[in-house]
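# Structural description and commentary
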Amino acid sequence: MKKIIGCFTLILALLLTGCSRGLFNEDAKITVYTRDTTSGTRDGFMNGIGFSEAAKQDDLLVSGFLIKDNTAILNAMTIDEYGIGYISLSSLTDNVKGLKLNGVIPSEANVLNDTYDLKRPFMWMIRAEADYPSEAVELLVQAFVAFLNTTDAGDIINNAGAIALPSSTTWDSIKNDYPITAEDNHLITVRFGESDSIQKVAQALTQAFSAKAGNFIAEHDHTGSGDGWKRTNGDSKDQAEGKDVGFSSRNFTSAELANVNATQTGQLAWDAIVTIVHNDNPIENITTQILKNIYSGAYTLWSDLPETD
């Protein structure tokens, strides 16, 4: 009798396991999502998985891939059960599943201890001296850049999901060096934009800083890292879309820095790039080699993926 019960229990367990696995069709085609070729997130992702040549070349990617921005990829993974994409760690929510990479959880601690392989810098760039809509805007931008290097800004950056750089300077200790912040600036607009991966962090920073700097208007328009230089120092800086502060989720290129001096750019934080899937996808961990195989088209079905856990 015990043998019969034992066999029955084993069969039941196998049946339940089969039913559970049946909820996800492992033979389904993988829907591959990526950013466009100007994206800092794409640059960091492709370089991080050993597929650097695909950072700027769409024709190297798997057939049928979809190009979306950071928010659109995040939203797609909430409904596309068989999709895979990548976003900024600062954008990750419980609505999707963020995968471990090579067995390491994407987290602030693992970025700082250098065990998580997909990380990239968050950068800022400002206009050249005297190349602003007004002197007041220029002074506020200079004060904002100083604020970025304080512990006050660091707390905001960390709370917004990115990883702040070390600092021991408080805003209160340096604010008198920027008297413009003690004035009433509620009629002054400062234009911020570009990398959409940094948008959440940038908006949190400007909201907090505006309250410390006379309540100036922080106007945000985030269109991607490729515009970080173009709209502050490049060919569209004097057009309607021009910006006073531009952000990039990658290092600026040597070409972009050719007409920019060292005081016009810097790093404000670190960020991780997270591979995401639908919450119903049973996968928990992925490797850089598997990701390269997915994005190159070597793996096209979920059943192609080897076990990693």
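Relevant structure appears above.
Notes on the structure follow.

Rules used in this analysis
- Residues numbered from 1 in each chain as written.
- Predicted model: local features only at pLDDT ≥ 70, side-chain atom pairs only at ≥ 80, totals over all residues.
- Heavy atoms only, no water.
- Helix = DSSP H or I, 4+ residues; strand = E, 2+ residues; numbered from the N terminus.
- Buried < 20%, exposed > 50% of the residue type's maximum accessible area, 1.4 Å probe, protein only.
- Contact = heavy atoms within 4.5 Å.
- Areas by Shrake-Rupley, 256 points an atom, 1.4 Å probe, with all protein chains shown as cover.
- Lys, Arg positive; Asp, Glu negative; His and termini not counted.
- Charge placed at Lys NZ, Arg CZ, Asp CG, Glu CD.
- Expected span 1.5 Å × (residues − 1).
- Polar contact = N/O pair within 3.5 Å; in protein donor to acceptor, adjacent residues only side chain to side chain.
- Phe/Tyr/Trp six-rings, centres within 6.5 Å; stacked < 30°, edge-to-face > 60°.
- Lys NZ or Arg CZ within 6 Å of the ring centre and 35° of its normal.
- Axes fitted to C-alpha atoms, helices over the stretch in contact; angles between N-to-C directions.
- Left-handed = near helix turned anticlockwise from the far one by under 90°.
- Nonpolar A, V, L, I, M, F, W, Y, C, P; charged D, E, K, R; others polar.
- Core = buried A, V, L, I, M, F, W, Y, C linked by side-chain atoms within 4.5 Å.

Moving on: the overall build of the protein chain. Counting secondary structure elements, the protein chain contains ten helices and twelve strands. Along the first, second and third principal axes, the C-alpha atoms of the protein chain reach 85 × 45 × 30 Å. For the protein chain, with 309 residues in total, the buried portion stands at 48%. Intrachain contacts of the protein chain at a sequence separation of at least 6 include 76% that bridge at least 24 residues. Split by element, the accessible area of the protein chain, about 14500 Å² in all, is 52% carbon and sulfur. In the protein chain, 23 positive and 40 negative side-chain charges are present, and the distance between their average locations comes to 6 Å.

It is worth spelling out helix α5 (residues 135–148) at this point. Given a rise of 1.5 Å per residue, 14 residues ought to cover 20 Å, and the 20 Å separating the end C-alpha atoms of α5 matches this to within 8%. Of all 14 residues that make up α5, ten are buried, and the element is covered over most of its length. Of all the residues in α5, the buried ones are V137, E138, L140, V141, A143, F144, V145, A146, F147 and L148.

Within helix α2 (residues 40–48) the residues assigned to the buried category are G40, T41, R42, G44, F45 and M46. For α2, the secondary structure elements touched by its buried residues are β1 (31–34), β3 (83–88), β6 (119–126), β11 (265–277) and α10 (288–296). Capping the start of α2 is the job of one residue whose side-chain oxygen sits 3.0 Å from the backbone nitrogen of T41: S39. Once α2 ends, the next one or two residues include G50, with phi positive near 80°.

Scanning the model with the defined rule gives twelve aromatic pairs in all. Seen from their ring centres, F24 and W302 are 6.0 Å apart, and the 70° between their planes marks the pair as edge-to-face. Of this pair, F24 sits in the loop between α1 (2–22) and β1 while W302 sits in the segment after α10; the two residues are 278 residues apart in sequence, bridging distant segments of the chain. Residue classification places F24 among the buried residues on the basis of a relative accessible area of 6%. Through a chain of ring-to-ring contacts, three or more aromatic side chains come together here, namely F144, F147, W171, Y178, F192, F209 and F216. A cation over a ring is seen here: K119 above W270, with NZ or CZ 4.5 Å from the ring centre.

A few words now on the packing of helix α6 (residues 151–159) against helix α8 (residues 199–212). Direction vectors running N to C along α6 and α8 enclose 145°, while the axes themselves pass 9 Å from each other. Between α6 and α8 the crossing geometry is right-handed. Between α6 and α8, the residues in contact are D152, A153, I156 and I157 and V201, A204, L205, A208 and K212, respectively. For the contact of α6 with α8, the residue count by class is seven nonpolar, no polar and two charged.

For the rest of this paragraph, the subject is the nonpolar core. In this structure, F45, M46, I84, I286, I294 and Y295 are the most contacted members of the largest nonpolar core, which totals 42 residues. At the level of elements, β1, α2, α3 (70–77), β3, β11 and α10 are the ones that each hand at least two residues to this core. The element best represented in this core is β11, accounting for five residues. Apart from residues no more than four positions distant in its own chain, I294 is found in contact with I30, V32, V62, I84, I286, Y299 and L305. Counting 36 residues, the second largest nonpolar core, distinct from the first, contains I126, V141, A160 and A202.

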